[in-house]
Amino acid sequence: MKEIMQLKNYMANPITPVEQLEQNKDDMKTQMELLIMRIQAEFCRALEKEEDKAWEDEKSVEDYDFDNDVYMTWPEAKFTVDRWTRKEGGGGITCVLQDGRVFEKAGVNISVVSGKLPPAAIQQMRSRGKNLQNAELPFFAAGVSAVIHPRNPMVPTIHFNYRYFEVQDKDGVQWWFGGGTDLTPYYLNEDDALHFHLTLKHACDDHDSSYYARFKKWCDDYFYIPHRGERRGVGGIFFDDLDTPNQQAAFAFVTSCAEAVIPSYVPLVKKHKDDAYGYHERQWQLLRRGRYVEFNLIYDRGTKFGLHTPEARYESILMSLPLNAKWEYMHQVQPNSEEEKLLKILKEPKDWLQIEDKKRSNA
């Protein structure tokens, strides 16, 4: 599986000079950069398509200026594209859509950075079992990260991140992949959760039948908010430090997971973007977004790594935060409410595809 350069389709020019990418087509750094450029563009355009459709559905005869023989279109909600570089090495492309009809805030970032690892990052990697011996370590990191906060509370938020890392130590280059995709609904729809998890399972099963169950549990454990005693959402998959069975196989798996994002999520947007909701549902959505902020700023490892990286681009790192959120003192949900139904799942993660039940029945 090889990524092919598609310059005209990307949101902006690649971070690495095109000549360098062409000369090193088989290098994993090149392959990963081309993959994340493609995934970013495909996802942004899929979301823009939903926005375009929403505006078209709102048009009426009053929107056209027949006297001047021209027509007026609704303002289009498109991604703002911000290509940036960092002095120490590399850069990124930040794409943000705000105040759309469908998406209140949507951010889709790619970064391709290199330099020397800061001490805090080295310590974090060693705590995960990485055998890094030098005090100063050159590194390369490339990844795509997205967080989508919809306007309608019946549409869930999605987050995904897929990344590749290389560290140059005295014994040579250490490399690994990481990433995942997870769903954060404001109101629980079990059919949505089943669709989401099943789509991710298919992507995993194409490579290793054990991946989904392992990475689903990892996701439930990772997106836990200890001070609240609940998960951020209904999970998905999450993995890190993946360096088996070999580099090409691991890259193929990451590619499948990244390509599964659109089919796992966009059907849910189409299904619920026009659902009815009121003030009560909006206030609950804002409260749940407060929990999202708490996890990202206090516990998320990627956010911490970004903030500790020299010359970090804080606007891009904090892109994941919602446009609006709310904290309310000692908020309690009503018994037997839809809000309580969601909280029960967040406190006790569900085996959506009944993997464990099937294992026990076959034992």
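Residues numbered from 1 in each chain as written. Predicted model: local features only at pLDDT ≥ 70, side-chain atom pairs only at ≥ 80, totals over all residues. Heavy atoms only, no water.

- As recorded in an unreviewed UniProt entry, the protein chain goes by the name coproporphyrinogen oxidase, listed as coming from Bombyx mandarina.
- According to the UniProt record, the Subunit (unreviewed entry) comment for the protein chain is "Homodimer."
- Turning to the protein chain, the UniProt record has this under Sequence similarities (unreviewed entry): "Belongs to the aerobic coproporphyrinogen-III oxidase family." (UniProt positions renumbered as here; feature names shortened; annotations may be inferred.)

1. Quick notes on the overall build of the protein chain
Phase 1 of the analysis: A count of helical and extended segments in the protein chain gives twelve helices and eleven strands.
Phase 2 of the analysis: Here the protein chain holds 363 residues, and 52% of them are scored as buried.
Phase 3 of the analysis: Summarising the internal contacts of the protein chain: among those between residues at least 6 apart in sequence, 72% fall at separations of at least 24.
Phase 4 of the analysis: For the protein chain, the computed accessible surface area is about 17400 Å², with 50% contributed by carbon and sulfur atoms. (Helix = DSSP H or I, 4+ residues; strand = E, 2+ residues; numbered from the N terminus. Buried < 20%, exposed > 50% of the residue type's maximum accessible area, 1.4 Å probe, protein only. Contact = heavy atoms within 4.5 Å. Areas by Shrake-Rupley, 256 points an atom, 1.4 Å probe, with all protein chains shown as cover.)

2. Digging into unusual backbone geometry
Phase 1 of the analysis: A cis amide bond, omega -5°, links Thr244 with the succeeding residue Pro245.
Phase 2 of the analysis: On the secondary structure map, Pro245 appears in the loop between β11 (235-242) and α6 (247-259).
Phase 3 of the analysis: Even without being a glycine, Met330 presents a positive backbone phi close to 50°.
Phase 4 of the analysis: Relative to the elements of secondary structure, Met330 occurs in the loop between α10 (314-317) and α11 (338-347).
Phase 5 of the analysis: Of the residues examined, Met330 reaches a relative accessible area of 59% and is grouped as exposed.

3. Quick look at the packing of aromatic side chains
Phase 1 of the analysis: By the definition in use, this model includes 21 aromatic pairs.
Phase 2 of the analysis: Both rings, one in Tyr222 and one in Phe238, keep their centres 4.2 Å apart while their planes meet at 10°; by these two values the pair is stacked. Placement of the pair is Tyr222 in helix α5 (residues 211-222) and Phe238 in strand β11, with a sequence separation of 16 residues. Phe238 matches Tyr222 in its accessibility class, with the two residues each being buried.
Phase 3 of the analysis: We note Lys29 situated over the ring of Phe140; from NZ or CZ to the ring centre the distance is 6.0 Å.
Phase 4 of the analysis: Taking NZ or CZ as reference, Arg232 lies 4.0 Å from the ring centre of Tyr292, over its face. (Phe/Tyr/Trp six-rings, centres within 6.5 Å; stacked < 30°, edge-to-face > 60°. Lys NZ or Arg CZ within 6 Å of the ring centre and 35° of its normal.)

4. Quick notes on the sheet that holds strand β5 (residues 103-116)
Phase 1 of the analysis: The strand order across the open sheet formed by seven strands is β3-β4-β5-β6-β7-β8-β11, and the pairing between neighbours is antiparallel. Every other strand in the sheet has two partners, leaving β3 (80-85) and β11 as the edge strands with one partner each. The average angle at which neighbouring strand axes cross in this sheet is 5°, direction not considered.
Phase 2 of the analysis: For strand β7 (residues 157-169) and strand β8 (residues 172-184), the ladder comprises 13 bridges, and the chain directions are antiparallel. Opposite Glu166, over in β8, you have Trp175 as the bridge partner.
Phase 3 of the analysis: Helix α7 (residues 261-272) rests against β5, β6 (138-150), β7 and β8 of the sheet, and its axis sits at about 160° to β7.
Phase 4 of the analysis: In the packing of helix α8 (residues 279-298) onto the sheet, contacts are made with β5, β6, β7 and β8, and the angle to β6 comes to roughly 165°. (Pairing = 2+ DSSP bridges. Axes fitted to C-alpha atoms, helices over the stretch in contact; angles between N-to-C directions.)

5. Structural notes on a nonpolar patch on the surface
Phase 1 of the analysis: A contiguous nonpolar patch, built from Leu297, Ile298, Leu307, Tyr314 and Leu318 and spanning about 430 Å² of accessible area, is present on the exposed surface.
Phase 2 of the analysis: For Tyr314, the location among the structural elements is in helix α10. (Patch = residues over 30% accessible without salt bridge, like charges linked within 9 Å, V, L, I, M, F, W, Y side chains within 5 Å. Salt bridge = Lys/Arg side-chain N within 4 Å of Asp/Glu carboxyl O.)

6. A few points about the packing of helix α4 (residues 190-205) against α7
Phase 1 of the analysis: The contact between α4 and α7 brings their axes to 8 Å, and the two run at 160°. By the angle between their axes, α4 is roughly antiparallel relative to α7. For the pair α4 and α7, the sense of crossing is right-handed. Every residue of α7 that contacts α4 at Asp191, Asp192, His195, Phe196 and Thr199 is listed here: Pro263, Ser264, Pro267, Leu268, Lys271 and His272.
Phase 2 of the analysis: Its residues placed into classes, the contact of α4 with α7 shows four nonpolar, four polar and three charged. (Parallel < 35°, antiparallel > 145°, perpendicular 65-115°, else oblique. Left-handed = near helix turned anticlockwise from the far one by under 90°. Nonpolar A, V, L, I, M, F, W, Y, C, P; charged D, E, K, R; others polar.)

7. Section: the environment of Trp84
Phase 1 of the analysis: With respect to the helices, strands and loops of the structure, Trp84 is situated in strand β3.
Phase 2 of the analysis: Here Trp84 falls in the buried class, since its relative accessible area comes to 11%.
Phase 3 of the analysis: With residues up to four places along the chain from it excluded, the contact list for Trp84 reads Ile15, Gly91, Gly92, Ile93, Thr94, Ser111, Arg313 and Ser316.
Phase 4 of the analysis: Within polar-contact distance, the side chain of Trp84 engages the side chain of Thr94 at 3.1 Å. (Polar contact = N/O pair within 3.5 Å; in protein donor to acceptor, adjacent residues only side chain to side chain.)

8. Some details on the pattern of salt bridges
Phase 1 of the analysis: In total, this model carries 27 salt bridges according to the counting rule given.
Phase 2 of the analysis: Residue Lys78 is joined to Asp52 by a salt bridge in which the shortest nitrogen-to-oxygen separation is 3.0 Å. One end of the pair, Lys78, is in the loop between β2 (70-71) and β3; the other, Asp52, is in helix α2 (residues 28-58), and 26 residues separate them in sequence.
Phase 3 of the analysis: One salt-bridge network, in which partners are shared between bridges, spans Asp99, Glu104, Arg151, Arg282 and Arg289.

9. Considering the packing of α6 against α7
Phase 1 of the analysis: Viewed as axis vectors pointing N to C, α6 and α7 meet at an angle of 10°, and their least axial separation amounts to 4 Å. In terms of axis orientation, α6 runs roughly parallel to α7. Between α6 and α7, the residues in contact are Cys257, Ala258 and Glu259 and Val261, Ile262 and Pro263, respectively.
Phase 2 of the analysis: Taken together, the residues of the contact of α6 with α7 break down into five nonpolar, no polar and one charged.

10. Overview of α11
Along an α-helix, residues three or four positions apart point the same way, because every turn accommodates 3.6 residues.
Phase 1 of the analysis: Every buried residue belonging to α11 is among Glu339, Leu342, Leu343, Ile345 and Leu346, and all of these are buried. For α11, the angular spread of the buried residues around the axis is 160°, confining them to a single face. (Arc of directions from axis to C-beta.)

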